[in-house]
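In case you want the letters, here they are:
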Number of protein chains: 2
Amino acid sequence: MTIYNFAAGPATLPDPVIKQIQAELPSINDSGMSIMEISHRSALFDDIINAAEQDVRDLMHVPNNYHVLFFQGGGTGQFAAVPMNLATTHKRIALLDSGHWATRAGDEATNLGYQVDVLDSTKDQHYQALPQYDKPISASDYDYLHITTNNTIEGTAYHTIPEHGDVTLVGDLSSNFMAEEYNVADFGLIFGGVQKNLGPAGVTLVIVRDDLVKPVEHIPSILNYSLFVKKNSMFNTPPVFNIYATGLVLKWLKEQGGIAGIQKVNQQKASLLYDFLDDSKLFANHIKKSDRSLTNIPFTTGDADLDKQAVTSATEAGLMNLKGHRSVGGLRASLYNAMPLAGVQALVDFLHNFEKQH
Amino acid sequence: MTIYNFAAGPATLPDPVIKQIQAELPSINDSGMSIMEISHRSALFDDIINAAEQDVRDLMHVPNNYHVLFFQGGGTGQFAAVPMNLATTHKRIALLDSGHWATRAGDEATNLGYQVDVLDSTKDQHYQALPQYDKPISASDYDYLHITTNNTIEGTAYHTIPEHGDVTLVGDLSSNFMAEEYNVADFGLIFGGVQKNLGPAGVTLVIVRDDLVKPVEHIPSILNYSLFVKKNSMFNTPPVFNIYATGLVLKWLKEQGGIAGIQKVNQQKASLLYDFLDDSKLFANHIKKSDRSLTNIPFTTGDADLDKQAVTSATEAGLMNLKGHRSVGGLRASLYNAMPLAGVQALVDFLHNFEKQH
């Protein structure tokens, strides 16, 4: 039985990448040492981290005045790092509240003593549409505006960056990082854990414009952008294996035609499922059409028991991890970069049959 | 040619562990999913992290009133986390300055606004012996005393815990974590990255006494002990692969007779090299005998060019990463748990031949 893993993250990885890691696990680059054993100060690893950085630059067309950095600690780490490094003038942050992870980012900054102004929220619409604040936001009021480009739990995504005046834009791209195209230059800073589209959990990518990186004191070193820029992301021991594996996924992504190439496939995958759901008399997705995510698609029968039954039957059919987030209920299919079209087809076929039987 | 990797960390791992990871990389536990792909919220991973925790408890005989936690961010992350979580009463820390990493821990706490009092230092002895402060230290003056049990760069180790009165003891065990026995109950908190003795880089173990874990506000969540205790180390996505691999090393360690068993082997390995160095007319280790580390052994000919030549020849013979740290120079052999006795024998044979030829 072919297994398809629809988990929201950590999530499915490209088969050829898993095979390559497996093949070279005992000896990386004929060194006689496993990638898990080599020193981060070795020429071998320098090549790996530098290639990964360059591949991020190539794939996202990162302008030269941006740094590409590798951190530990996930998006949650960056919820602290971003205000601590960037909110140094006004200590005041603007936020568009598009769901759970936007709220979490705001809460972390508030807890650290920053003022967080929620300019707009779609909480009263159960986050089934995106906040669209259309007034200019001034850099003389806020250090930055935080947005979550893709809302993993709610299933929405900004396909167009909202108007934001002259304020610095910070994007949490975690769940559609390199799954659809964004213009890096629209952002002052982009961050995201790799464990959805780009690699195994344990690496966090940060892309930050040079003028925003200033020496900041009195913050933990592992969250200090300036130190990480100086030390090429190796202020302390980085997660060597995870950066290596992420690097292989980046190379795979280039082979898929880069982000433009994979986005086309992602659109095809998402359309296949959305079209089914929109036609279905049993299942439905309730997200505003223009705001629908390509990578996270929640849906429901409207009956919690029947939803549960669908998840159980799907699991038996090898369609794994379709249970929706507890805050939303129902089902959720995460269709990240490494999910093949065949997996979505198998899901649609299953849902179609399930519908016929109920 | 058999390769032996004497790197100071990331470092050599047990062969059977690498083979097991390789074998089950495409499908963990017959799930059809790679360990790199499974959700940290899955029953599969719950079993893995709970077994790893239990194995830490078994191996170190951790008392029931201690928590075992898994963090990201390395020892450097804990240099910030420990004062932020523990130095809440006096905001004052005592430190025994035994070398580079003790200094770094002190600097991080100072930078975060804590008062750090260096009670004793062996800097003027080039850290070739350990500071032995023999006055009692009072909990009414300090939140804790920080020691580095094993000094990776300088090659010293506390085989007996220094006297410290009633003050809470914090131990950075990074480079001899589970390589020699310590009594957990002597410490209020123990921490260390796993990438020397226990696994691939990317996991940091913290063992902390229950009464020291208090809700602390205004600190980054990824460094918050209280949150990690509440969420069983999964406040946010943990490094799933790295915890799994660490778990396999822990199981391997149990098969070696636990810490008591591996310590005997480590003593044998260290004696083999120290005995050679003490007999040698070319190479010497300059560390005070009672303070010598089992896991990191620096040595030198006293001639920088000849040292360099020895490193080069050793590399050609498959004895890798013997270059000493730039602050000490010379050579350094790291003999962590997974380094077999045969590797140390090969090193001694090589050094013996090198000596004959020079």
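Residues numbered from 1 in each chain as written. Chains lettered and ligands numbered in written order. Predicted model: local features only at pLDDT ≥ 70, side-chain atom pairs only at ≥ 80, totals over all residues. Heavy atoms only, no water.

What about the packing of helix α2 (residues 43-60) of chain A against helix α6 (residues 240-255) of chain A?
Residues and elements named next belong to chain A.
- Contact geometry of α2 with α6 gives a least axis separation of 9 Å together with a crossing angle of 40 degrees. By the angle class used here, α2 and α6 are oblique. The handedness of the crossing between α2 and α6 comes out as left-handed. On the side of α2, the interface is formed by Phe45, Ile48, Ile49, Ala51, Ala52, Asp55, Val56, Asp58 and Leu59, while α6 contributes Val240, Ile243, Tyr244, Gly247, Leu250, Lys251, Leu253 and Lys254.
- The class makeup of the residues in the contact of α2 with α6 is twelve nonpolar, one polar and four charged. (Axes fitted to C-alpha atoms, helices over the stretch in contact; angles between N-to-C directions. Helix = DSSP H or I, 4+ residues; strand = E, 2+ residues; numbered from the N terminus. Parallel < 35°, antiparallel > 145°, perpendicular 65-115°, else oblique. Left-handed = near helix turned anticlockwise from the far one by under 90°. Contact = heavy atoms within 4.5 Å. Nonpolar A, V, L, I, M, F, W, Y, C, P; charged D, E, K, R; others polar.)

Some remarks on the packing of aromatic side chains
Residues and elements named next belong to chain A.
- Scanning all chains against the criterion turns up 21 aromatic pairs over all chains.
- Residues Phe71 and Tyr225 carry aromatic rings whose centres are separated by 5.6 Å and whose planes lie at 70 degrees to one another, so their mutual orientation is edge-to-face. With Phe71 in strand β2 (residues 66-71) and Tyr225 in helix α5 (residues 225-230), this pair connects stretches of sequence that are 154 residues apart. Per residue, the accessibility class of Phe71 equals that of Tyr225, and both read buried.
- One aromatic cluster is present, formed by Phe276, Phe283, Phe299, Phe350 and Phe354 through successive ring pairs. (Phe/Tyr/Trp six-rings, centres within 6.5 Å; stacked < 30°, edge-to-face > 60°. Buried < 20%, exposed > 50% of the residue type's maximum accessible area, 1.4 Å probe, protein only.)

Let's talk about the UniProt feature "binding site: pyridoxal 5'-phosphate" (unreviewed entry) in chain A
Residue and element names in this part refer to chain A.
- As recorded in UniProt, the feature "binding site: pyridoxal 5'-phosphate" (unreviewed entry) lies at Gly75, Thr76, Trp101, Thr152, Asp172, Gln195, Asn236 and Thr237. Taken together, the annotated residues stretch across 163 residues and extend over separate regions, lying up to 30.6 Å apart by C-alpha.
- Looking at the secondary structure, you find Thr76 in helix α3 (residues 74-86).
- Among the residues examined, Thr76 registers a relative accessible area of 5% and is labelled buried.
- Inspection of the secondary structure puts Thr152 in the loop between β6 (150-151) and β7 (156-157).
- Using a relative accessible area of 6% as the deciding quantity, one classes Thr152 as buried.
- Beyond its immediate stretch of four places on either side in the chain, Thr152 contacts Ala8, Trp101, Ser175, Lys196, Asn296, Arg332 and Tyr336.
- A polar contact is formed between the side chain of Thr152 and the side chain of Ser175, at a distance of 2.9 Å. (UniProt positions renumbered as here; feature names shortened; annotations may be inferred. Polar contact = N/O pair within 3.5 Å; in protein donor to acceptor, adjacent residues only side chain to side chain.)

Section: the nonpolar core
- Formed by 119 residues in total, the largest nonpolar core has its most connected members in Met178(A) and Met178(B).
- For Met178(A), the contacting residues outside a window of four places in its chain are Val56(A), Leu59(A), Met60(A), Leu198(A), Leu205(A), Leu250(A), Leu253(A), Ile259(A), Ile262(A) and Asn337(A). (Core = buried A, V, L, I, M, F, W, Y, C linked by side-chain atoms within 4.5 Å.)

Side note on the environment of Thr122(A)
Residues and elements named next belong to chain A.
- Of note, Thr122 is situated in the loop between β4 (115-121) and β5 (144-148).
- As a C-alpha pair, Thr122 and Asp97 span 25 residues in sequence and 6.7 Å in three-dimensional space.
- Contacts of Thr122, omitting those with residues within four sequence positions, involve Asp97, Ser98, Tyr127, Ala129, Leu130 and Pro131.
- In this structure the side chain of Thr122 is engaged in a polar contact, spanning 2.8 Å, whose partner is the backbone oxygen of Ala129.

Quick notes on a positive patch on the surface
- Taken together, the side chains of Arg41(A), Lys230(A), Lys231(A), Lys308(B), Lys323(B) and Arg326(B) define a basic patch exposed on the protein surface.
- Along the chain, Arg41(A) falls in the loop between α1 (15-24) and α2. (Patch = residues over 30% accessible without salt bridge, like charges linked within 9 Å, V, L, I, M, F, W, Y side chains within 5 Å. Areas by Shrake-Rupley, 256 points an atom, 1.4 Å probe, with all protein chains shown as cover. Salt bridge = Lys/Arg side-chain N within 4 Å of Asp/Glu carboxyl O. Lys, Arg positive; Asp, Glu negative; His and termini not counted. Charge placed at Lys NZ, Arg CZ, Asp CG, Glu CD.)

What to know about the packing of helix α7 (residues 258-279) of chain A against helix α9 (residues 341-357) of chain A
Residues and elements named next belong to chain A.
- As a packed pair, α7 and α9 sit with axes 9 Å apart at the nearest point and diverge in direction by 5 degrees. Looking at the two axes, α7 sits roughly parallel to α9. Where α7 approaches α9, its residues Gln268, Lys269, Leu272, Leu273 and Phe276 are matched on the opposing element by Leu341, Val344, Gln345, Leu347, Val348, Leu351, His352 and Glu355.

Section: the UniProt feature "binding site: L-glutamate" (unreviewed entry) in chain A
Residue and element names in this part refer to chain A.
- UniProt's feature table lists "binding site: L-glutamate" (unreviewed entry) at Arg41, given in the numbering used throughout.
- Residue class for Arg41 comes out exposed when judged on its relative accessible area of 55%.
- The residues contacting Arg41, other than those within four sequence positions of it, are Met234 and Phe235.
- Side chain to side chain, Arg41 and His40 meet in a polar contact 3.4 Å long.

Looking at helix α4 (residues 100-111) of chain B
Residue and element names in this part refer to chain B.
- In this model, α4 (twelve residues) spans 16 Å end to end at C-alpha, consistent with the 16 Å of a helix rising 1.5 Å per residue.
- Of the residues making up α4, those classed as buried are Ala102, Ala105, Gly106, Glu108 and Ala109. Relative to the axis of α4, the buried residues are bounded by an arc of 160 degrees and lie together on one face.
- For α4, the elements touching its buried residues are α3 (74-86), β3 (92-97), β4 (115-121) and β5 (144-148).
- The first or second residue beyond α4 is Gly113, which carries a positive phi of 100 degrees. (Expected span 1.5 Å × (residues − 1). Arc of directions from axis to C-beta.)

Concerning the interface of chain B and chain A
- If you look at the interface, chain B gives 54 residues, while chain A gives 54 residues.
- In terms of surface lost to chain A, no three residues of chain B exceed Gln22(B), Met36(B) and Glu37(B), which account for 15% of the buried area on that side.
- Where chain B packs against chain A, one counts zero salt bridges.
- Across the contact surface, chain B and chain A share 18 residue pairs in polar contact (both at pLDDT 80 or more).
- Taken together, the elements giving at least two residues each to the side of chain B that touches chain A come down to α1 (15-24), α3, α4 and α6 (240-255) of chain B.
- The element contributing the most residues to the side of chain B that touches chain A is α3(B), with five residues. (Buried area = accessible area lost by both parts, 1.4 Å probe.)

Side note on the confidence of the model for chain A
- Looking at chain A, the pLDDT average stands at 97 and 100% of residues meet or exceed 70.
- What the predictor reports for the complex is a pTM of 0.98 with an ipTM of 0.98. (pLDDT = per-residue confidence, 0-100.)

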